[in-house]
Structures are given as structure tokens and as C-alpha cells.
Amino acid sequence: MANKNQGAEPRRQRVVRKRRSPHQSAHRARARHAVKPPPPAPVAPFNPFLAFPPAPPPQEDPRALEPREVMFGGQPHVLRPLGPADEARLISFFNSHTGETIRQRYGYQISEMTPERARRLVGVDQLRDVALGVFERAPDGEQVLHAVGRYLLDATGKSAEAAFVVRENKRGLGICTALLRALLQVARTRGMSFLGAQVQADNAPMLGIFRRHGGRVKPIPGADAMEVFVPTAPP
Ligand SMILES: CC(C)(COP(=O)(O)OP(=O)(O)OC[C@H]1O[C@@H](n2cnc3c(N)ncnc32)[C@H](O)[C@@H]1OP(=O)(O)O)[C@@H](O)C(=O)NCCC(=O)NCCS
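The rules behind these values
- Residues numbered from 1 in each chain as written.
- Predicted model: local features only at pLDDT ≥ 70, side-chain atom pairs only at ≥ 80, totals over all residues.
- Heavy atoms only, no water.
- Near = heavy atom within 4 Å.
- Polar contact = N/O pair within 3.5 Å; in protein donor to acceptor, adjacent residues only side chain to side chain.
- Areas by Shrake-Rupley, 256 points an atom, 1.4 Å probe, with all protein chains shown as cover.
- Helix = DSSP H or I, 4+ residues; strand = E, 2+ residues; numbered from the N terminus.
- Nonpolar A, V, L, I, M, F, W, Y, C, P; charged D, E, K, R; others polar.
- Axes fitted to C-alpha atoms, helices over the stretch in contact; angles between N-to-C directions.
- Parallel < 35°, antiparallel > 145°, perpendicular 65-115°, else oblique.
- Left-handed = near helix turned anticlockwise from the far one by under 90°.
- Contact = heavy atoms within 4.5 Å.
- pLDDT = per-residue confidence, 0-100.
- Core = buried A, V, L, I, M, F, W, Y, C linked by side-chain atoms within 4.5 Å.
- Buried < 20%, exposed > 50% of the residue type's maximum accessible area, 1.4 Å probe, protein only.

K.L.:
Looking at this structure, how should I read the site of the ligand?
P.N.:
Close to the ligand lie 21 residues; Phe164, Val166, Gly174, Thr177 and Asn203 are nearest. Residue arginine 171 places a side-chain N or O atom 3.4 Å away from an oxygen atom belonging to the ligand. With respect to the ligand, the side chain of arginine 212 contributes an N or O atom lying 2.9 Å from an oxygen atom. When the free accessible area of the ligand is taken as 970 Å², the share hidden by the protein chains comes to 71%. Secondary-structure elements contributing two or more residues to the shell around the ligand are α4 (99–106), β5 (160–166), α6 (175–189) and α7 (204–212). In terms of residue count, α7 provides more of the shell around the ligand than any other element does, five residues in total. Here the residues of the shell around the ligand are counted per class, giving eleven nonpolar, seven polar and three charged.

K.L.:
Sorry if this is basic, but what is going on with the packing of α6 against α7 here?
P.N.:
Two measures define how a pair of helices packs: the angle their axes make with one another and the distance between the axes. With their axes 11 Å apart at the nearest point, α6 and α7 run at an angle of 45° to one another. Taken together, the axes of α6 and α7 lie oblique to each other. Between α6 and α7 the crossing geometry is right-handed. For the pair α6 and α7, contact is made by Cys176, Thr177 and Leu180 and by Met206, Ile209 and Phe210, respectively.

K.L.:
How should the confidence of the model for the chain be read in this particular structure?
P.N.:
With 86% of its residues at a pLDDT of 70 or more, the chain has an overall mean of 89. Per-residue pLDDT stays below 50 along residues 1–10; that stretch engages in zero contacts with residues further than four places along the chain or on separate chains.

K.L.:
Can you walk me through the nonpolar core in this structure?
P.N.:
Looking at soluble globular proteins, one finds that nonpolar side chains tend to be buried together. Tyr151, Phe164 and Phe210 are the most contacted members of the largest nonpolar core, which has 36 residues in total. Taken together, the elements giving at least two residues each to this core come down to β1 (68–72), β3 (130–137), β4 (143–153), β5, α6, β6 (194–200), α7 and β8 (225–231). A total of ten residues in this core trace back to one element, the largest contributor, which is α6. Not counting residues within four places of it along the chain, the set of residues in contact with tyrosine 151 comprises Arg128, Asp129, Val130, Ala160, Glu161, Ala162, Leu183, Val186, Ala187, Arg190, Met192 and Leu195. By size, the runner-up hydrophobic cluster in this structure holds 17 residues, among which are Leu82, Phe93, Ala118 and Val165.

Here it is as C-alpha cells:
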């Protein structure tokens, strides 16, 4: 039997178009007429002077810098301002630092604490800048310096940069925390609403301490370091 389709044109393949659901069509129509959303507003750079509540007007509190006894690791220590008599103690403390401690503290290597530098660092005007030490009395009666926390006012006198260093075998006892709190207290009585600091990006303990005190951390572009702003009022 002859094929009745013989000679006939090949059947056109039926193109099956997927039908759009009413929801899809409405969506496309809306998209065609939708007004493009405006580009995101530029984010204002972080301003620590606006970010934290202002401190009350300056009112020097003489007790803030009085020596006080504090227990660390079950042992009595004295937290007090550094003074000219501490020059040799500071040099001896510096000579105990490992290279890693110096890198974390200064951000670069310093090989020597010269007497001139030590004299400057212990002889700061404590009514302007603040330099505190934590000392322990050795069996021979000598005071051994185990930690320093300081802040240095900037040229405007409105903000200050803080830095800390604690002897390697005295870490994790809360010494830095006590020094930071003491500095924040003095800064507040002097009318500052925050302290700033520069911290190496890999310095987890220091960043952790600042964050626990309400610190705001932002990376410094092009450097392996962070800028931190810590409010002088407890968060
Ligand atoms: C950073 C430094 C000052 C901290 O001193 P410290 O006296 O040991 O600090 P504290 O004991 O007050 O607090 C340490 C805290 O860090 C935490 N910590 C320790 N190692 C940590 C880590 N790897 N990651 C996160 N947190 C860590 C501890 O648990 C502790 O928290 P806690 O109080 O809740 O227990 C000290 O490690 C130091 O001298 N480092 C070298 C110099 C330096 O980094 N200076 C900072 C430049 S601004």
C-alpha cells in the first residue's frame, strides 16, 4: 500500500511555547515600568566625635591618678602613674620584651630603649598625657614594672591615642583591662568622649579587649592594622 503521505511536505514540528503564568506576566509588566531604584546613598565616614555620647565638661579628679593596690593572679600589685624615678625600671621592662611583643606594641621593630627615650616616656606631663604602670614588689623590695598603659593627646588636644604592653608571663590576668579602664576614667574627667588606638590586625587579645569596652574597629587601608575608637562612657 502506498504511503498516503508520500510526496507531502514534511510535517512542521510544532513549537510548544511555554505559557507565562499571569503572575509572571504581571511581574514582567511591572519590571518594564518600574522606576530604577536610586543608587545607594554614600556612607558618611565614621566620625568618633559624633558616634559616642559627649563627656561631661572637664573636671580634673585628683583621685584618678592616685596609686592603688590591685590584685592580679592572687598577688598584690600597684597601679600608679609612671614618674622620673621609673626610668631604669622602664628600660629593664623593655629589655624583657620579645620581638613579637615589640611588633604588636609599636607596629615595627625597635632594638633599644635609650635612656633619653625612657626619660621622656616616664616623665610625661600627667596633667596632659597619661602614663600608668603596674608594679609588683620583688623580695628585695624593688618595684618591678610589669605593664604600661598610656595615652598621648593629639595636637588638637581633643583626642588621644592609647597603647598598652604587658609582660609576657603576666598576661591574661586582667592587667591591660585594668589599665584601659583607668585611662578611660581619666580621659572622661578631662572631657574626652573616646580614646583612639592603632592595633595590628592579628592582635586578637587587644581587639577583643577594646570590643568588650564598646570599641568601634575599622581597617586602615593599605596597612595590616586597625584603627579603634573606644568610648570613655561604659557601653
Ligand atoms: C594585648 C595585651 C596588652 C593584653 O594584655 P593582658 O593583660 O593579657 O589583657 P587582659 O588580661 O586584660 O585581657 C586579655 C583578654 O584577651 C583574651 N584573649 C587572650 N588571647 C586571645 C585571643 N587569641 N583572641 C581573643 N581574645 C584573647 C583573654 O581571654 C582576656 O579576656 P577576658 O578578660 O575576657 O578573660 C598583651 O597581650 C600585650 O602586651 N601584647 C603585646 C603588646 C600589644 O599588643 N599592645 C597593644 C598595642 S595597642
